[in-house]
Amino acid sequence: EDKVVQSPLSLVVHEGDTVTLNCSYEVTNFRSLLWYKQEKKAPTFLFMLTSSGIEKKSGRLSSILDKKELFSILNITATQTGDSAVYLCAVEARGAGSYQLTFGKGTKLSVIP
Amino acid sequence: DGGITQSPKYLFRKEGQNVTLSCEQNLNHDAMYWYRQDPGQGLRLIYYSQIVNDFQKGDIAEGYSVSREKKESFPLTVTSAQKNPTAFYLCASRPARDRVYEQYFGPGTRLTVT
């Protein structure tokens, strides 16, 4: 059974801090790992990672994948209150004739002024 | 303006009633998905469809049913057999079933059954 584990489950930081969110996985037939941000509604896409060691960056957010050790990290620098959200990690793997996403439980990030 | 729409945003039902949640997309995506999210949990896959007139069960399909008669539409029925139907339901789609793409999500329907 495919498994995705995120840590920590929740995190409280002050504005300006840097945070690192972790995602480890055990799946068969890995294809990609995705990060989403969810603010009380639909998840919004952040990154898709398919290759090890290649950092993806968007503003203050960055992410990298290690396919040998089976994990990914999401970094947020200079956090702002608007970064408060649940960050979901999902792994896409091949099932019975199709590709499906398995989600972790998410990391709830709270940024306080 | 392309996207995924789900209606209604909030839905209240009495126990024992079937209820159908709507999901429509105008992105011309082949694959569509239904997820359930409970507090403090990630998303769990209920059903998915890779192509019109075909769909497969996900991890938690019991008590749910779907149809895919049109490419744009993938309605989910929550039946009275579903033991704990109160949850946040998310519909998603992606462009093609055989290439690497992210899934796009609709705004969700929050279902409360009392």
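In what follows, the accompanying structure is described. (Residues numbered from 1 in each chain as written. Chains lettered and ligands numbered in written order. Predicted model: local features only at pLDDT ≥ 70, side-chain atom pairs only at ≥ 80, totals over all residues. Heavy atoms only, no water.)

## Comments concerning the state of the cysteines
On inspection of all chains with the given rule, the structure shows 2 disulfides over all chains. Across a sulfur-sulfur distance of 1.9 Å, Cys-23 of chain A and Cys-89 of chain A are joined as a disulfide pair. The S-S bond linking Cys-23 of chain A to Cys-89 of chain A shows a torsion near -70°; that makes this disulfide left-handed. Here the residue Cys-23 of chain A occupies a position in strand β3 (residues 19-26), and Cys-89 of chain A occupies one in strand β9 (residues 85-94), the gap between them amounting to 66 residues. Here Cys-23 of chain B connects covalently by a disulfide to Cys-91 of chain B, the sulfurs 1.8 Å from one another. One disulfide, between Cys-23 of chain B and Cys-91 of chain B, carries an S-S torsion of -70° and so falls in the left-handed class. Here Cys-23 of chain B is found in strand β3 (residues 19-25), whereas its partner Cys-91 of chain B is found in strand β9 (residues 87-94), with 68 residues between them in sequence. Of the residues examined, Cys-23 of chain B reaches a relative accessible area of 0% and is grouped as buried. When its relative accessible area of 0% is taken as the criterion, Cys-91 of chain B is described as buried. (Disulfide = S-S within 2.5 Å. Helix = DSSP H or I, 4+ residues; strand = E, 2+ residues; numbered from the N terminus. Buried < 20%, exposed > 50% of the residue type's maximum accessible area, 1.4 Å probe, protein only.)

## Points about the nonpolar core
Counting residues in hydrophobic clusters, the biggest one holds 22 residues, and the most contacted among them are Tyr-25, Leu-33, Trp-35, Tyr-87 and Leu-109 of chain A. Elements supplying a minimum of two residues to this core: β3, β4 (30-38), β5 (44-49), β7 (61-66), β8 (71-76), β9 and β11 (107-112) of chain A. With 5 residues, the single largest contributor to this core is β9 of chain A. Leaving out residues up to four positions away in the same chain, Tyr-25 of chain A has contacts with Lys-3, Val-4, Phe-30, Leu-33, Leu-65, Asp-66, Lys-67, Leu-70, Phe-71 and Val-91 of chain A. Judged by nonpolar contacts, the second largest core, of 21 residues, contains Tyr-64, Val-66, Phe-74 and Tyr-89 of chain B. (Core = buried A, V, L, I, M, F, W, Y, C linked by side-chain atoms within 4.5 Å. Contact = heavy atoms within 4.5 Å.)

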